[in-house]
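Given next are the chains, with one letter for each unit.
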Amino acid sequence: MKELQLKEMLMEEARRGGICAEGFREMRTDNIRELVDYYVANPDWCMERGFPSLDILRSEFSDIEDKGVYVDKTFNGEVFSEKQVYIFHDCKGTIKVAMDYDNAVIPMLYFANGCRMRVTCTQKENLKSPIDVPLYIFGKNDIQARSNIYAKFIKHKHGLL
């Protein structure tokens, strides 16, 4: 799909989803990568509304892993620690989360569209108390996470609007 067509389709989908005027203004860009930045900066609103659809994510945004967004991927123990937000759509397997001590980042993990994943924690050093790791789960997913001396996983389950 051409960028202009994609942008127009996404703008219309956002309007139907009830985007606010300020959010709509932020989406008015000619750069698709900036739209991805908007998505990563507003994952709650987007994921509650299924925006964009899984089909669009698969067809048009399958190459945005550098932004922390993963679609249809199988993991085998990869560590996520560098970004503030990671978003998973229809993914499976095991991931590890860790705090980025140098930048004081504790990742927030978002799951949607049927993820079947196990989340564990790995740390460079033992802390006096576990870090709180938020897991935001939208719709039907199977997310397994067990707190330990390194992490306290806090699940936030959300329905879809």
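As the structure is a prediction and not an experimental result, all values here were calculated from the model.

A. How the structure looks around helix H3 (residues 32-41). Within H3, burial applies to Ile 32, Leu 35, Val 36, Tyr 38, Tyr 39 and Val 40. Buried positions along H3 lie against helix H1 (3-16), helix H2 (21-27), helix H4 (43-48), helix H5 (54-60), strand S1 (69-71) and strand S3 (85-89). You can read the cap of H3 off the contacts: a side-chain oxygen lies 2.7 Å from the backbone nitrogen of Arg 33, and it is on Asn 31.

B. Quick look at the sheet that holds strand S7 (residues 131-138). Pairing in this open sheet of five strands is parallel, and the strands run S1-S3-S5-S7-S9 from one edge to the other. Sheet topology places S1 and strand S9 (151-158) at the edges, where each strand pairs with a single neighbour. Along the sheet, successive strands turn relative to each other by an average axial angle of 15°, direction set aside. Across eight bridges, the pairing between S7 and S9 is parallel. Counted as the bridge partner of Asp 132 is Lys 152 from S9. Contacting S1 and S3, H3 runs over the sheet at an angle of about 100° to S3.

C. Up close: the state of the cysteines. What the rule picks out here adds up to zero disulfides. Looking at Cys 20, it has no disulfide partner, and the nearest cysteine sulfur is the one in Cys 46, 11 Å off. What makes Cys 20 partly exposed here is its relative accessible area of 46%. Between Cys 115, a cysteine without a disulfide, and Cys 91, which holds the nearest cysteine sulfur, the sulfur-to-sulfur distance is 4.9 Å. Note on Cys 115: relative accessible area 0%, which makes it buried.

Thresholds applied
Residues numbered from 1 in each chain as written. Predicted model: local features only at pLDDT ≥ 70, side-chain atom pairs only at ≥ 80, totals over all residues. Heavy atoms only, no water. Buried < 20%, exposed > 50% of the residue type's maximum accessible area, 1.4 Å probe, protein only. Helix = DSSP H or I, 4+ residues; strand = E, 2+ residues; numbered from the N terminus. Contact = heavy atoms within 4.5 Å. Polar contact = N/O pair within 3.5 Å; in protein donor to acceptor, adjacent residues only side chain to side chain. Pairing = 2+ DSSP bridges. Axes fitted to C-alpha atoms, helices over the stretch in contact; angles between N-to-C directions. Disulfide = S-S within 2.5 Å.

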